[in-house]
Amino acid sequence: MNLQICTFVLFLGILSFSFAQNTASMSVNQGFENRDLQGLIGFENLFFEKLIFEGKAIKGKSYSIEIIEYINGKESSRKILFDGKESDYFNIRSEKETLNFFAKLDEGKLKVQMHANGFRSKKMYYDLEGNADIYALKDFLASNETITIDLQKKHPVFAIVTPTVHKDGSNSYCEVAQSNIATDQLGKHFKIPHYFIVNIQFV
């Protein structure tokens, strides 16, 4: 093996090790196992999602969660729901972190809050465009039980959307969340007038 090949192989090894040192797995548990309870919260337009992050690289890090609102294809607002950089108290102390995300859609309003490890974020409120019943919360994992994320990048975890409507009158929420279209282009691509994206970023 010549020197150039050895150098290239060594470079790939370092690159792979560096990537592994900055990644974690992410999974989502939806709702409650109790069917009656799940039926009740569905009836009330409540959404409960459990985000689970695992990996050696998350220990000692903190994270922030932002919500971006889009109206008619353009960003309308960008707000921080939770900022873990405010105190070392919020630093992750193990190789696993669980976040509970709550959303309620009712009477023309969206209310959101996040809970994790004995603390809660503030509650945030938004006005909805039209009937609250047509909005739904979807994650971006598609059919995957777990995905690997790069902790050095910002990641969309949830979309609160109205469905895309087809010419035959049928509609779909999952088609939007599983499309691989950039989150800031979902409104234009699927002709969705109003939606929200929830992002997480580790620091």
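Residues numbered from 1 in each chain as written. Predicted model: local features only at pLDDT ≥ 70, side-chain atom pairs only at ≥ 80, totals over all residues. Heavy atoms only, no water.

## Thoughts on the environment of I80
Short version of the rule: Under the DSSP-based scheme used, a helix requires at least four consecutive residues in state H or I and a strand at least two consecutive residues in state E, with every element numbered from the N terminus.
Residue placement: I80 occurs in strand β4 (residues 74-83). Along the sequence, I80 and V198 sit 118 residues apart, while their C-alpha atoms lie 9.8 Å from each other.

## A look at the confidence of the model for the protein chain
What counts, and what does not: One number per residue, pLDDT, summarises how confident the predictor is, and it ranges from 0 to 100. Contacts are assigned to residue pairs that have any heavy atoms within 4.5 Å of one another.
For the protein chain, per-residue confidence averages 88 on the pLDDT scale, and 90% of positions sit at 70 or higher. Long-range and interchain partners of residues 8-19, a stretch whose pLDDT sits below 50, account for one contact in this model, where long-range means more than four residues apart.

## Some remarks on the pairing of strand β6 (residues 109-116)
Applicable threshold: Only protein chains enter the accessibility calculation, which uses a 1.4 Å probe. A residue is then buried if its area is under 20% of the maximum for its type, exposed if over 50%, and partly exposed in between. At least two DSSP bridges between two strands are required for those strands to pair.
Counting buried positions along β6 yields six of eight residues, so the element is predominantly enclosed. Here strand β5 (residues 96-106) folds back onto β6 in antiparallel fashion, the turn holding two residues, of which E107 has a positive phi close to 50°. Two strands pair when backbone bridges link them, and β6 and strand β8 (residues 124-127) are joined in this way by four bridges, in the antiparallel orientation. Along β8, the bridge assignment pairs K109 with D127. As paired strands, β6 and strand β7 (residues 119-120) are joined by two bridges and run antiparallel to one another. Counted as the bridge partner of H115 is R120 from β7. Turn length for the β6-β7 hairpin, with the two strands adjacent in sequence and antiparallel, is two residues, and the turn residue N117 shows positive phi of about 45°.

## Considerations on the sheet that holds strand β3 (residues 63-71)
Consider a sheet: its strands pair through backbone hydrogen bonds, and that pairing is either parallel or antiparallel. Let me state the cut-off plainly: For helices, the fitted line uses only the C-alpha atoms of the stretch in contact; every axis is such a line through C-alpha atoms, and the angle between N-to-C directions lies from 0 to 180 degrees.
Pairing within the open sheet is antiparallel, and its five strands lie in the order β4-β3-β14-β11-β9. On the outer flanks of this sheet lie β4 and β9 (136-139), each paired with one strand and no other. For this sheet the average axis-to-axis angle between neighbouring strands, irrespective of direction, equals 20°. Sheet topology places β3 next to β4; eight bridges connect them, and they run antiparallel. For S64, the partnering residue across the bridge sits in β4 and is D83.

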